Amino acid sequence: MNFLRKVGAVAWKDLRAEWRTREVFSAMFVFALLIIIIFNFALELRAENARVLVPGILWVAFTFSGMLGLNRSFIQEKDRGSLEGLLLCPVDRSAIYLGKMLANSALMALVAVFILPVSFVLFNLSFGALPMIVVVTALGTVGFAGVGTLFSAMAVNTRAREVMLPLLLFPVAVPLIIAAVKLTAGIMDGLPVAELARWWQLLIGFDAIFFTLSFMTFDYVIEE
Amino acid sequence: MALRKDGWLWALGLLSFVGILVAGYLALVWAPPAEGFVGEAELAQRIFYFHVPAAWTGFLAFFVTFVASVAYLWKGGRKWDILAASSAEIGLVFTTMVVVTGPIWAKPTWGVWWTWSDPKLVTAAILWLIYFGYMMLRRMVEDDARRARFAAVLGIIGFADVPIVFGAARWWGQSVAHPIVVSGGGFDVAPRMLTVLMFSLAVFTLMYIVILTLRVRAEHLADAVESLKTRE
């Protein structure tokens, strides 16, 4: 089996296990929806201010619900005792990281796929901006799950478990969230591509740098 | 006996203590009032002599943590872990000083305690949060070897994030309100003010080295006590 097939096998295992129960996805989706509803009332969203506030609300919904999924990613393995099994598999640790990271990204992206149209309907936004926002969401999701998967593997081995992950991940993810919110807002406002170039650079740069670092250090985190 | 053996450390410690007192005198009395500042702002401006050195020392401390973290993952060895942890702890204290003195200066000068549009403020706050998380992570992991590995990974990722946070915050907030003391053409302050700043920087750095040495030593002693306890 070559490397990519091993990565695929790990990711497929996670997604299939999730498909059997759909527990984590349901929790993430409903949580994201709740965030949108709470913000709607907390910030008194109206047609005039929706465009200003919705990008931020969307990213709070994506990242907070993503946090739920990232936490479950390793806690489930740990609780069922299947983490040892996974580590005993004749695959590189980096394949485990990549597989887990892909599964986590896919889960976050799937939540976004449902949340985006719902929020566009709820806040009366024009659907023309949707395709580009999907691209931003995909890149943001990969970046967030990239470091998130690494930190999740650490958090599961701490006394506080799921409490630890947001404390570690959010400070590090600040640049990613800034870039993603700026891009989402810029695309909704129909800003020219040149004006958004730096935010694309930041988003893609963040993804590349932290993916590389996480990929390199994952070995040390999972070592028993 | 111990005193003679640690003579140099005592001397450096004493030197940094006296140095801080002298720096206080220089900053509050000897340094000339800054041009263009009046009343409260003129007084508050003198925070600069502590604020900048604290920021520098905090950053230096986190850099040492980063280097020690890389060394730990690369070569292993408990001494690197101890160095990384001790330096992060001290860095956190100095960064706390930065984010506390900053608003005290900003209120009379800018009229607000805090502004999100200044990248240095935002970076300092995020830096504080990252290393607070670092300290928490250390407390939350039971196993020594695992704690060291996790902390080292965070020590690397956290430090790599700093320039990115700074860049992002600079693009995000259009206006840069922070005074620029060091520009391309050299130092932008009166010679006497520069003397005080340089003195203060030296003293803070010395103090960092002394505290770090003490902290590292305390940790090694704790290890020694632990191994004595488990021997019998």
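Analysis parameters
- Residues numbered from 1 in each chain as written.
- Chains lettered and ligands numbered in written order.
- Predicted model: local features only at pLDDT ≥ 70, side-chain atom pairs only at ≥ 80, totals over all residues.
- Helix = DSSP H or I, 4+ residues; strand = E, 2+ residues; numbered from the N terminus.
- Buried ≥ 20, exposed ≤ 12 C-beta atoms within 10 Å, placed from the backbone.
- Contact = placed C-beta atoms within 7 Å.
- Rg over C-alpha atoms; globule rule 2.2 N^0.38 Å.
- Nonpolar A, V, L, I, M, F, W, Y, C, P; charged D, E, K, R; others polar.
- Core = buried A, V, L, I, M, F, W, Y, C linked by C-beta atoms within 7 Å.
- Expected span 1.5 Å × (residues − 1).
- Arc of directions from axis to C-beta.
- Axes fitted to C-alpha atoms, helices over the stretch in contact; angles between N-to-C directions.
- Parallel < 35°, antiparallel > 145°, perpendicular 65-115°, else oblique.
- Left-handed = near helix turned anticlockwise from the far one by under 90°.
- pLDDT = per-residue confidence, 0-100.

Draft legend 1. Spatial organisation of the overall build of chain B. On a plain count of helices and strands, chain B comes out with 8 helices and 2 strands. Order of helices (α) and strands (β) in chain B, N terminus to C terminus: α-α-α-α-α-α-α-β-β-α. Principal-axis analysis of the C-alpha atoms gives chain B an extent of 70 × 45 × 30 Å. In chain B, which comprises 232 residues, the share counted as buried stands at 35%. In chain B, of all internal contacts separated by at least 6 residues, the share reaching a separation of at least 24 is 76%.

Draft legend 2. Expanded view of the overall build of chain A. Across its full length, chain A carries 8 helices and 0 strands. Listing every helix and strand of chain A by position from the N terminus yields α-α-α-α-α-α-α-α. On C-alpha atoms alone, chain A measures out to a radius of gyration of 18 Å, which is about the 17 Å that the 2.2 N^0.38 rule sets for 224 residues. When the backbone C-alpha atoms are referred to their principal axes, chain A occupies close to 55 × 35 × 30 Å.

Draft legend 3. Highlighting the interface of chain A and chain B. In this assembly, 24 residues from chain A lie in contact with 26 residues from chain B. At the level of elements, helix H6 (130-155), helix H7 (164-188) and helix H8 (193-222) of chain A are the ones that each hand at least two residues to the side of chain A that touches chain B. In terms of residue count, H7(A) provides more of the side of chain A that touches chain B than any other element does, 9 residues in total. A breakdown of the residues in the side of chain A that touches chain B according to their chemical character gives 18 nonpolar, 3 polar and 3 charged.

Draft legend 4. Structural detail: the environment of Trp128(B). Positionally, Trp128(B) belongs in helix H6 (residues 119-140). Beyond its immediate chain neighbours, meaning those up to four positions away, Trp128(B) contacts Leu92(B), Thr95(B), Thr96(B) and Val99(B).

Draft legend 5. The arrangement of the nonpolar core in detail. Among the nonpolar cores identified, the biggest contains 127 residues, and Leu168(A), Ala179(A), Ala180(A), Ala84(B) and Ala151(B) are the most heavily contacted of them. If you tally residues by element for this core, the top one is H7(A), at 17 residues. Other than its neighbours up to four places away in sequence, Ala84(B) contacts Thr65(B), Ala68(B), Ser69(B), Tyr72(B), Ala151(B), Ala152(B) and Gly155(B).

Draft legend 6. Spotlight on helix H2 (residues 23-42) of chain A. All names here are of chain A. For H2, built from 20 residues, the straight-helix expectation of 28 Å at 1.5 Å per residue is met to within 8% by its first-to-last C-alpha distance of 28 Å. Along H2, the residues classified as buried are Val24, Phe25, Met28, Phe29, Ala32 and Ile35. End-on view of H2: buried residues confined to an arc of 135 degrees, all on one side of the axis. Facing away from the buried side of H2 by more than 90 degrees, the exposed set consists of Glu23, Ser26, Ile37 and Phe41. Directly beyond the C-terminal end of H2, a positive phi value near 50 degrees is found at Glu44.

Draft legend 7. Examining the packing of H6(B) against helix H7 (residues 144-172) of chain B more closely. Residues and elements named next belong to chain B. At a closest axis distance of 9 Å, the pairing of H6 and H7 adopts a crossing angle of 170 degrees. For the element pair H6 / H7, the angle class is roughly antiparallel. Every residue of H7 that contacts H6 at Pro119, Val122, Thr123, Ile126, Leu127, Ile130, Tyr131, Tyr134, Leu137 and Arg138 is listed here: Arg147, Phe150, Ala151, Leu154, Gly155, Gly158, Asp161, Val162, Val165, Phe166, Ala169 and Arg170. In terms of residue class, the contact of H6 with H7 is built from 15 nonpolar, 3 polar and 4 charged.

Draft legend 8. Local environment of unusual backbone geometry. Residues and elements named next belong to chain A. With a phi angle near 55 degrees, Arg22 is a residue other than glycine that sits in the positive phi range. Tracing the chain through its elements places Arg22 in the loop between helix H1 (3-21) and H2. Unlike most non-glycine residues, Asn124 shows phi in positive territory, near 55 degrees. Its location among the elements puts Asn124 in the loop between helix H5 (93-122) and H6. Judged by the 10 C-beta atoms lying within 10 Å of it, Asn124 is exposed.

Draft legend 9. Main features of the packing of helix H5 (residues 78-110) of chain B against helix H8 (residues 191-231) of chain B. Residue and element names in this part refer to chain B. One can describe the packing of H5 onto H8 by two numbers: an axis separation of 9 Å at closest approach and a directional angle of 135 degrees. For the element pair H5 / H8, the angle class is oblique. Between H5 and H8 lies a crossing of right-handed hand. Across from Ile82, Leu83, Ser86, Ser87, Glu89 and Ile90 in H5, the residues of H8 making contact are Tyr208, Ile211, Leu212, Arg215, Val216, Glu219 and His220. A breakdown of the residues in the contact of H5 with H8 according to their chemical character gives 7 nonpolar, 3 polar and 3 charged.

Draft legend 10. Inspection of the confidence of the model for chain B at higher detail. Chain-level statistics for chain B give a pLDDT mean of 87 and a share of 91% at 70 or above. Two summary scores accompany this predicted model of the complex, namely pTM at 0.90 and ipTM at 0.90.

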